[in-house]
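# Descriptive analysis of the structure
If you want the building blocks of each chain, they are given just below.
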Amino acid sequence: MAKKPKWVVEKEQAKKASAAETVWLFGLHAVRDALMNPRREKLRLILTPNAADKLAEAVTAAGIEPEIQDPRRFKVPLDPNSVHQGAALEVRPLDWGRLEDVAIASEGALRLVLLDRVTDPHNVGAILRSAEVFGAQAVIGTRHHAAPETGALAKTASGALERQPYLRERNLADTIVALQGMGYLVLGLDGEAEVTIEEALEGRRADPVALVLGAEGPGLRPKTKETVDRLVRIDFAGGFGSLNVSNAAAVALYAARA
């Protein structure tokens, strides 16, 4: 039998590893929302007696048997600084499906948020909350140099992770080109841009729009800037610095609403 090429073997190994991957969610809010989410594969639930009382309804709905532990001996593989509130749930990462299905999943003005090397889980969690509030189809990062699904991300997202699609694609420039092919107007946020979001959207608010945000400091990569349709800025009142990326995402989504 012919030997498989190295890249095929590595791809298969990566697929197997990601299928075996699990995440520990923590905190009452994140755990409750995950328990109530029928799409979420739940593996192990650890609660203190107090948390078990507070989550009784969600535990019953999920049909999972919790392990009750003493709050002083709460043995869960979490960062010691995690504010777990006596609740931890081991789950598999959510599978939101293919980009093309999520990007054109509904009628009306479609909005997406793309993240260029935004690696801080707290920022991504906050962006997921904003995306849910403003009705975005999805938040899209990359497989590398993007925050993976973690307990910290879920806690900051405050339940939005269970409802707001969060996709991680292989290559951001290719993803932008694919979205342009689906009719999306792709706008890259850049503090030095000559036009504002509002100006770029004049007469085009009914179109599907994707907003691309870069990490604080470095901003968008050169390749990303070349690939987007236009670079735009958020109009500030004065030269007083810049917004953090999660605040910028919220303002941009508000400015781009239909």
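Residues numbered from 1 in each chain as written. Predicted model: local features only at pLDDT ≥ 70, side-chain atom pairs only at ≥ 80, totals over all residues. Heavy atoms only, no water.

### Side note on the sheet that holds strand β2 (residues 42-47)
Adjacent strands of a sheet pair through backbone hydrogen bonds, lying either parallel or antiparallel. One open sheet accounts for 4 strands, arranged β1-β4-β2-β3; its pairing is mixed. Both outer strands of the open sheet, β1 (23-26) and β3 (67-68), are each paired with one neighbouring strand and no more. The pairing of β2 with β3 spans 2 bridges and is parallel. Note on β3: the bridge partner recorded for Ile46 is Glu67. Lying over the sheet, helix α2 (residues 28-35) contacts β1, β2 and β4 (87-91), oriented at roughly 40° with respect to β4. (Pairing = 2+ DSSP bridges. Helix = DSSP H or I, 4+ residues; strand = E, 2+ residues; numbered from the N terminus. Contact = heavy atoms within 4.5 Å. Axes fitted to C-alpha atoms, helices over the stretch in contact; angles between N-to-C directions.)

### Here's the deal with the sheet that holds strand β7 (residues 166-169)
Ordered in space as β7-β6-β5-β10-β8-β11-β9, the 7 strands form an open sheet in which the pairing is parallel. Either end of the sheet is taken by a strand with one partner, and the two such strands are β7 and β9 (195-196). Note that strand β8 (residues 185-189) and strand β10 (residues 209-214) share 4 bridges and pair parallel. By the bridge assignment for β10, Val186 is matched with Ala210. Lying on the sheet, helix α8 (residues 172-181) is in contact with β5 (111-116), β6 (138-142), β7, β8 and β10; it crosses β5 at an angle near 160°.

### A short note on the nonpolar core
One finds Leu128 and Ile197 to be the most contacted residues of the largest nonpolar core, which totals 54 residues. Those residues within four positions of Ile197 in sequence are excluded, and the remaining contacts are Leu189, Val232, Arg233, Ile234, Ala252, Ala255 and Ala256. If you look at the next biggest cluster of nonpolar residues, it comprises 20 residues, including Leu94, Ile176, Ala210 and Leu220. (Core = buried A, V, L, I, M, F, W, Y, C linked by side-chain atoms within 4.5 Å. Buried < 20%, exposed > 50% of the residue type's maximum accessible area, 1.4 Å probe, protein only.)

### A closer look at α8
Within α8, burial applies to Leu172, Ala173, Thr175, Ile176 and Leu179. Relative to the axis of α8, the buried residues are bounded by an arc of 160° and lie together on one face. Where α8 starts, the residue carrying a side-chain oxygen 3.0 Å from the main-chain nitrogen of Ala173 turns out to be Asn171. Positive backbone phi, at 95°, marks Gly183, one or two positions downstream of α8. (Arc of directions from axis to C-beta. Polar contact = N/O pair within 3.5 Å; in protein donor to acceptor, adjacent residues only side chain to side chain.)

### Quick word on α2
Structural remark: α-helix, 3.6 residues per turn; residues separated by three or four positions point the same way. Burial analysis of α2 places 6 of its 8 residues in the buried class, the great majority of the element. Buried within α2 are the following residues: Leu28, Ala30, Val31, Asp33, Ala34 and Leu35.

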